[in-house]
Amino acid sequence: MNSERDSETTFEEDSQPNDEVVPYSDDETEDELDDQGPAVEPEQNRVNREAEETRETLRKDCTWQVKANDRSFHEQPHFMNTRFFCIKESKYSNNAIKTYKYNAFSFLPMNLFEQFKRAANFYFLILLILQAIPEISTLAWYTTLFPLLVVLGITAIKDLVDDVARHKMDNEINNRTCEVIKDGRFKVAKWKEIQVGDVIRLKKNDFIPADILLLSSSEPNSLCYVETAELDGETNLKFKMALEITHQYLQRENSLTAFDGLIECEEPNNRLDKFTGTLFWRNTSFPLDADKILLRGCVIRNTDFCHGLVIFAGADTKIMKNSGKTRFKRTKIDYLMNYMVYTIFVVLILVSAGLAIGHAYWEAQVGNYSWYLYDGEDYTPSYRGFLNFWGYIIILNTMVPISLYVSVEVIRLGQSYFINWDLQMYYPEKDTPAKARTTTLNEQLGQIHYIFSDKTGTLTQNIMTFKKCCINGQIYGDHRDASQNSHSKIEQVDFSWNPFADGKLAFHDHYLIEQIQSGKESEVRQFFFLLAVCHTVMVERLDGQLNYQAASPDEGALVNAARNFGFAFLARTQNTITISELGTERTYDVLAILDFNSDRKRMSIIVRTPEGSIRLYCKGADTVIYERLHQMNPTKQETQDALDIFASETLRTLCLCYKEIEEKEYEEWNKKFIAASLVSTNRDEALDKVYEEIEKDLILLGATAIEDKLQDGVPETISKLAKADIKIWVLTGDKKETAENIGFACELLTEDTTICYGEDINALLHTRMENQRNRGGVYAKFVPPVHEPFFPSGENRALIITGSWLNEILLEKKTKRSKILKLKFPRTEEERRLRTQSKRRLEARKEQRQKNFVDLACECSAVICCRVTPKQKAMVVDLVKRYKKAITLAIGDGANDVNMIKTAHIGVGISGQEGMQAVMSSDYSFAQFRYLQRLLLVHGRWSYIRMCKFLRYFFYKNFAFTLVHFWYSFFNGYSAQTAYEDWFITLYNVLYSSLPVLLMGLLDQDVSDKLSLRFPGLYVVGQRDLLFNYKKFFVSLVHGVLTSMVLFFIPLGAYLQTVGQDGEAPSDYQSFAVTIASALIITVNFQIGLDTSYWTFVNAFSIFGSIALYFGIMFDFHSAGIHVLFPSAFQFTGTASNALRQPYIWLTIILTVAVCLLPVVAIRFLSMTIWPSESDKIQKHRKRLKAEEQWKRRQHVFRRGVSSRRSAYAFSHQRGYADLISSGRSIRKKRSPLDAIIAEGTAEYRRTVES
């Protein structure tokens, strides 16, 4: 394979993927991914290379210039882009968001243009023009105009309503207000008026209107706390910090007004976690990074006010750039329906051509020799045949039903309202109903094969709760009283004895409280003291209450637990921490904080007690803590058993330990610690090495167990969806261990599941690629492809893969430029050909590898992708769509899920949470994951069945109606004469047969909603396209053809050589047309009665009402009064009353209807008796079946010492606030001048070096 690689572009396959890191950002350039170069490099080469790279970086990346408080700067000619011909506009977007499509002037022309892009509407427009030509048409023009206007009007009204809703939403966002500097002072302005370069002021709980550079805030060192739930669904706070120079000089309004800094930075992109730029101010440049940028969509928290400079506005903001491309989504049935309409077009043309040829032949043989048929025109038979071809196109046009599309839209709209009105999908806690945000995808909800779900905020509540703990080998957290007796029902612990308790912790083990208060076991108090002291949580008092700000929800849960159990964290300074220990306040000196990172998987704190002793407290993942324990730890095994129990209960765990440190040992270590802190390169690695030296010979205290609370009903929902043969893939940016733990908690994974990881499947895929390459010889194209399974059948397997391994396996790693010298002159033809071939081989190899991966992953019962970027989420969805041709659904709650939601066939947003970005981009939204089962198994399945029944019936009734003209042609010289009255043709699809089929499409259901949920296996009919496909279409076609034959030939036979009761022959054309029309209306309306599974009064009324409406309108149109008013339009005067007073005509109608329907009844009876479907069986026994089955959670069988997995460690993804605390930047203090701070820092550095 290596020989196939291009000489200039290579895949980085030699590096081992890192499971702990999120891969490169979505828009990273190749330069950012280049290696550092060879280990040994000549000095001059290095200097030249660095100079070149600097120039290249400035040229490529920092092309976005922002001048503070100077709007005219951004309107200079070189910032203008040509948009249309000579019209130019600034490259800087304004801050207004536009999601609407039309305005008052463009609505009518644009909407009509879009509607006539639909083939059927354009076809009927052409027909209308043809009908205006007298030589061609035998049908009045209004028969097409009236239905066309109805269709266009209904669609236009629906589009208008949708666009008005978009206008309202845009206006609501664009008209939010904030303070902007205008005319030398802060003034209130709307978001849409904000421009790049404006200085704005935001207050606590304000949404950030644009991407801004933080200049200053009310907090110490201009810290600013933001909540990023809109971006990633996470509610824990993150901090940003302004530059020291802007913090010092840009606090007051007059200084902010005078601020004239220039920023050069990267162009707008979708990288949420990266920013590169430089601030030029006061003849000095200051580097800028992502820690100084506040992104649009975030919310200011715990910060009274802050000031910022707008860098990216509106469509240029990262949240908008990250939203992905909006795709126009259409259902599978839509595509199938279009192909069927094209098939009908072809049939229509062939039939019309055949009848036109027949007319030309008839004219040559009969018409030219029949003097009584002469019409005054001397046309040749072939020309008459040509005219008749267009005549038959017009007459048979109802084979392509114009009302089909508008009826489909009405049904979808009604089904969308049913979803909106479903009270069982309403979440009362946050007053959030389900919402169908699109009306075009409902039936596709009944055909889902794969669900791609986010984890945080979608499956989980992102709320951590302290559930259990193990202290000194003893497990606490079960339902026990103070005497250690277990009870199934016991009141939760009363924490009222503790003034610092927040009253939110639900705990039922009274024995633990007894142990804490009695102090019999010192380890118990030591355990909770460790939780109260070993963390990087920030605290503030609001109205006398403690309010904690944690870097991760896990850490916040542990500190809150310690607070409730009597060990409350009260305050901290740069060097001290104050704890309330069972009511006694004690302050400890903090000597060092050894912060967490993804490699260490632990954090420690070294404190000096008021008595003068030094202790190290440490918490971390069991895998790393156990490696560092002292050999003499008596409770090591008991704690391990407890960890296994906690793991089997899918709780997130941490081990807690401590160590006494001698003064001399600490002083020696502290020197190394200070030296490592001052290292300019690889500082983190140097610190980690020093940390290792002190974190050893630890004494184990116990372990905590935190529950990452799942949303209600998640395991039940996943279980039911699995029974419906829907596969669920979890795509998350969280850690592998956490994702795996949630997989077990929601029963996506079980103890019987064999888990495969990235390294396992990489080897499998490599072997498969080798085998495929070996088979791909000269004769490969003659050998049919064979599907070989990757795993033996019968085993329950799951795949857990990280983003880094995903890039490795899918060959999606960024390519890098080779350092080979590139020739200036053009390549030869041979070189170009070889290069092209090499690229093609690489693409083919990449495509084959991706297909193999999808095949392998789809053999697994569950797939969990962790540490993935938003782009990777969308890529995984796209791969399954592309290679499996499967219908996909993506569900998420944050901006990092938007790309995935837009890529899937159907996107679902979790609403009612803090983030709304996913909802704005979704097709459906609701508040809880558990509602997904009802959306798919009830609404989706019903919508699919209704739409399929509707389409089959619609095609049937139009073929039965239209093909009567075909049979009539054989008896009228192929003259394009209609078999019905013109008004009947006009109103057939609009009034006489429309309401029953619409109501069936809206209300029909084969089984109830409770039985649909009880038997998820009913869902598979939609996945397999069993109810509407080409076979079903041709069955409807044949049914319609046979019905049309019966409708024509039985009345024809009855009318031949007959005499009425009055002695007159009623066998005239008009009476014949009335007889056929009456039989047709009764037949098609009774046929829909046979197709209806769920009868209501409305259905019955519509069927008999449509028949009554037909007869009522017909008698009116055949009356003498209307003929007098419009003699040319109403020519069937008295026909209905004359024909229908003959009893044998009624007998003819009854016989025709019976012959049409009785075979259908017989076939239905036989099929339900001999070959009943699953829903037929459930319908038959529905009274005996329970309406609802109680779902029971799978019982966990705990086997001591044989846990097959490790529990997740409860830490955040990134470092905590340790650096912030240690530096004192978060502590409120009197501000000093900038030069004094610099001088003090320099002196401190010198003293440290000298010592």
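Rules and cut-offs
Residues numbered from 1 in each chain as written. Predicted model: local features only at pLDDT ≥ 70, side-chain atom pairs only at ≥ 80, totals over all residues. Heavy atoms only, no water. Core = buried A, V, L, I, M, F, W, Y, C linked by side-chain atoms within 4.5 Å. Buried < 20%, exposed > 50% of the residue type's maximum accessible area, 1.4 Å probe, protein only. Helix = DSSP H or I, 4+ residues; strand = E, 2+ residues; numbered from the N terminus. Contact = heavy atoms within 4.5 Å. Disulfide = S-S within 2.5 Å. Pairing = 2+ DSSP bridges. Axes fitted to C-alpha atoms, helices over the stretch in contact; angles between N-to-C directions. Salt bridge = Lys/Arg side-chain N within 4 Å of Asp/Glu carboxyl O. Parallel < 35°, antiparallel > 145°, perpendicular 65-115°, else oblique. Left-handed = near helix turned anticlockwise from the far one by under 90°. Patch = residues over 30% accessible without salt bridge, like charges linked within 9 Å, V, L, I, M, F, W, Y side chains within 5 Å. Areas by Shrake-Rupley, 256 points an atom, 1.4 Å probe, with all protein chains shown as cover. Expected span 1.5 Å × (residues − 1). Phe/Tyr/Trp six-rings, centres within 6.5 Å; stacked < 30°, edge-to-face > 60°. Lys NZ or Arg CZ within 6 Å of the ring centre and 35° of its normal. UniProt positions renumbered as here; feature names shortened; annotations may be inferred.

Caption draft 1: Representation of the nonpolar core in the model. Core analysis: the biggest nonpolar cluster contains 105 residues, and Leu404, Phe950, Leu951, Phe955, Tyr980, Phe984 and Leu1080 have the highest contact counts within it. In terms of residues, this core owes the most to one element, helix α28 (residues 931-969), which gives 18 residues. With sequence-adjacent residues up to four places away left out, tyrosine 980 is seen in contact with Ala960, Phe961, Val964, His965, Ile985, Tyr1069, Ala1073, Ile1076, Ala1077 and Leu1080. Grouped together as the second largest cluster of nonpolar side chains are 59 residues, Tyr225, Val533, Tyr548 and Leu570 included.

Caption draft 2: Molecular detail of the state of the cysteines. Applying the stated criterion across every chain, the model contains 0 disulfides. Of all cysteine sulfurs, the one in cysteine 306 lies closest to cysteine 224, which takes part in no disulfide; the gap is 4.1 Å. On the basis of relative accessible area, cysteine 224 is assigned to the buried category, the value being 0%.

Caption draft 3: Quick look at the sheet that holds strand β11 (residues 262-265). One open sheet accounts for 4 strands, arranged β2-β11-β12-β13; its pairing is antiparallel. Each of the sheet's edge strands pairs with one partner strand only, and the pair in question is β2 (64-67) and β13 (284-288). Across this sheet, the average inter-strand angle for adjacent strands is 20°, counted without regard to direction. Bridging between strand β12 (residues 277-281) and β13 involves 5 bridges; their strand directions are antiparallel.

Caption draft 4: Fine view of the pattern of salt bridges. Inspection of every chain in the model, using the stated rule, returns 48 salt bridges. When the shortest N-O distance is used, the salt bridge between glutamate 660 and arginine 615 registers 2.5 Å. Taken together, the positions of glutamate 660 in strand β28 (residues 652-661) and arginine 615 in strand β27 (residues 614-620) put the pair 45 residues apart, joining distant regions of the chain. Residue class for glutamate 660 comes out partly exposed when judged on its relative accessible area of 42%. Ionic contacts of the salt-bridge type, sharing partners, join the residues Arg600, Arg602, Glu627, Arg628, Glu692 and Glu695 into one network.

Caption draft 5: View of the sheet that holds strand β24 (residues 576-581). Read across the open sheet, the 9 strands follow the order β20-β19-β29-β28-β27-β26-β25-β24-β23; overall the sheet is antiparallel. Looking at strand neighbours, the two that pair on one side only are β20 (474-476) and β23 (567-572), the edges of this open sheet. Averaged over all pairs of adjacent strands, the angle between their axes in this sheet comes to 30°, without regard to strand direction. Inspection of the sheet shows strand β25 (residues 584-594) paired to strand β26 (residues 602-608) by 5 bridges, in the antiparallel sense. Bridge pairing links isoleucine 593 to isoleucine 605 in β26.

Caption draft 6: Expanded view of the packing of helix α10 (residues 332-365) against helix α12 (residues 403-421). Two elements in contact, α10 and α12, have axes separated by 13 Å at closest approach and are oriented at 165°. If you check the angle between α10 and α12, you find them roughly antiparallel. Viewed along their axes, α10 and α12 form a crossing whose handedness is right-handed. Residues Asp334, Met337, Asn338 and Val341 of α10 lie in contact with α12, whose contacting residues are Leu404, Tyr405, Val408 and Arg412.

Caption draft 7: Looking closely at the side chain of threonine 704. Residue placement: threonine 704 occurs in strand β29 (residues 699-710). The class for threonine 704 is buried, based on a relative accessible area of 0%.

Caption draft 8: A nonpolar patch on the surface, seen in detail. A contiguous nonpolar patch, built from Phe970, Phe971, Val1038, Leu1042, Met1045 and Phe1049 and spanning about 550 Å² of accessible area, is present on the exposed surface. With respect to the secondary-structure elements, methionine 1045 resides in helix α33 (residues 1030-1055).

Caption draft 9: Representation of helix α34 (residues 1069-1091). Between the first and last C-alpha of α34 there are 33 Å, a value that for 23 residues agrees with the 33 Å anticipated at 1.5 Å per step. α34 sits mainly inside the fold: 19 of its 23 residues count as buried.

Caption draft 10: Just the pairing of β26, in detail. With 6 of 7 residues buried, β26 lies mostly within the body of the structure. As defined by bridge partners, β26 adjoins β27 across 7 bridges and the pair is classed as antiparallel. Looking across to β27, one finds that isoleucine 605 is bridged to tyrosine 617. The antiparallel pairing of β26 with β27 creates a hairpin that spans 5 residues between the two strands, and glycine 612 there sits at a positive phi of about 100°.

Caption draft 11: Broad picture of the packing of aromatic side chains. Inspection of every chain in the model, using the stated rule, returns 65 aromatic pairs. Taken together, Phe966, Trp967, Tyr968, Phe970, Phe971, Tyr974, Phe1048, Phe1049, Tyr1055, Tyr1069 and Phe1072 form an aromatic cluster joined through their ring pairs. Here arginine 282 stacks its cationic end above the ring of tryptophan 281, 4.9 Å away from the centre of that ring. The ring of tyrosine 548 has arginine 563 lying over it, and the distance from NZ or CZ to the ring centre is 5.3 Å.

Caption draft 12: Molecular detail of the UniProt feature "active site" (unreviewed entry) in the protein chain. Within this numbering scheme, the UniProt entry marks Asp454 as carrying the feature "active site" (unreviewed entry). Along the chain, aspartate 454 falls in the loop between β18 (450-453) and β19 (460-471).

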